[in-house]
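What follows is the residue order along each chain.
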Amino acid sequence: MEIMTHDDVFLRYSKVEGEGDIWFIHGFGESGLSFVEAFDSPLAEKFNLYVPDFPGFGVSPHRPGAETIVDSTAVLWGLIGDIAKDAPIFLVGHSLGGIIGTWTAERLSDKVRGYVSIEGNLTKADTFATSLTKGYEDPNAFHELLSGIATSQIAEDILFRSFLASLTLAHPSALLTWGKSCVEATGETKAGEEFITIDARTLYIWGDESISDVTKDFVFKNKINNREIKGAGHWVMVDKSEECYDAIFEFFSKSV
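Residues numbered from 1 in each chain as written. Predicted model: local features only at pLDDT ≥ 70, side-chain atom pairs only at ≥ 80, totals over all residues. Heavy atoms only, no water.

Chemist: So what about the layout of surface pockets? Which residues, and what values?
Modeler: Each pocket or cavity is described by its volume, and for the largest pocket that value is around 350 Å³. Here the lining of the largest pocket gets four residues from one element, more than from any other, and that element is helix 4 (residues 139–153). (1 Å grid on protein atoms, 1.4 Å probe; cavity = no way out; pocket = protein on both sides within 12 Å on 5 of 7 lines; lining within 4 Å. Points joined across faces, edges and corners; volume = space filled by probe spheres on them. Helix = DSSP H or I, 4+ residues; strand = E, 2+ residues; numbered from the N terminus.)

Chemist: Provide a residue-level description of the sheet that holds strand 8 (residues 226–229), including the pertinent values.
Modeler: Here we have eight strands laid out as an open sheet, ordered 1-2-4-3-5-6-7-8, and mixed in their pairing. Where the open sheet ends on each side, the last strands, each with one partner, are strand 1 (2–6) and strand 8. Across the sheet, the mean angle from the axis of one strand to that of its neighbour is 20 degrees, orientation sign disregarded. Those strands touched by helix 2 (residues 69–84) are strand 1, strand 2 (9–14), strand 3 (21–25), strand 4 (48–52) and strand 5 (89–94), and its axis lies near 160 degrees from that of strand 3. Relative to the sheet, helix 3 (residues 97–107) contacts strand 3, strand 5 and strand 6 (112–118), its axis offset from that of strand 6 by approximately 165 degrees. (Pairing = 2+ DSSP bridges. Axes fitted to C-alpha atoms, helices over the stretch in contact; angles between N-to-C directions. Contact = heavy atoms within 4.5 Å.)

Chemist: I'd love a proper account of helix 6 (residues 172–186), names of residues and values included.
Modeler: Between its first and last C-alpha atoms helix 6 spans 21 Å; for 15 residues at 1.5 Å apiece the expected length is 21 Å, and the two agree. Burial analysis of helix 6 places 11 of its 15 residues in the buried class, which makes it a mostly covered element. What helix 6 keeps buried is the set Pro172, Ser173, Ala174, Leu175, Leu176, Trp178, Gly179, Ser181, Cys182, Ala185 and Thr186. Tucked inside the fold, the buried residues of helix 6 contact helix 2, helix 3, helix 4, helix 5 (159–169) and helix 7 (190–195). (Expected span 1.5 Å × (residues − 1). Buried < 20%, exposed > 50% of the residue type's maximum accessible area, 1.4 Å probe, protein only.)

Chemist: Quick rundown of the packing of helix 4 against helix 6? Include the residues and the values.
Modeler: Close contact between helix 4 and helix 6 brings their axes to 8 Å; oriented N to C, the two are set at 80 degrees. As the angle between them shows, helix 4 and helix 6 are arranged roughly perpendicular. Contact residues: helix 4 offers Pro139, Asn140, Phe142, His143 and Leu146, while helix 6 offers Pro172, Ser173, Leu175 and Leu176. Grouping the amino acids of the contact of helix 4 with helix 6 by side-chain chemistry returns six nonpolar, three polar and no charged. (Parallel < 35°, antiparallel > 145°, perpendicular 65-115°, else oblique. Nonpolar A, V, L, I, M, F, W, Y, C, P; charged D, E, K, R; others polar.)

Below, the structure is given as structure tokens:
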């Protein structure tokens, strides 16, 4: 794994003479740290991997006035256009990042060979964290609230420790605005309706310990191509990293 910055965005990446570029999209309050296990997976042997910290998250600087997920999607489009050039594109989005992944797959439909959503937002039930922004206008107060919740969960689930590491770096204003814009973009099933209309091949990966009944019903009702990973919570790619990345590798290898 190497690091670079482009357009004031911090990226972790690795390159090979492979089949295309995989772009990873982190979730709410997270950073590219969510996907570090990808660099030790079979994906790194066959694809170029790019993992950005979106502006205001991780170590990418905050951009005042460009804090919604619509803004972040535009940032991703710019990065892909500048860095990927004409390479085939593959996308992996987690949680809120699933919405950005969907919009990117729609925008770059002729270039996207495959898209994997790891518990990406499909229904209102998926806004369990971002919906906490309702009623909050003070970014610092909301950041303190979410940090307190994450801290209280560490004893029950060690994965909250890595989430808290990224959350600590998140700019409060970007965090609050990202959350509010996510709730609006998700709607009741708006995000899910957009996901099922993507032209590219898609795979929805979910953990049996975290997915809501509402979202699970939506997945099966709409016959979405999906993969259940047992014993996994919301951070499937961390909780069951080997199984998760093997599934992504198998899916993308059939999409080249």
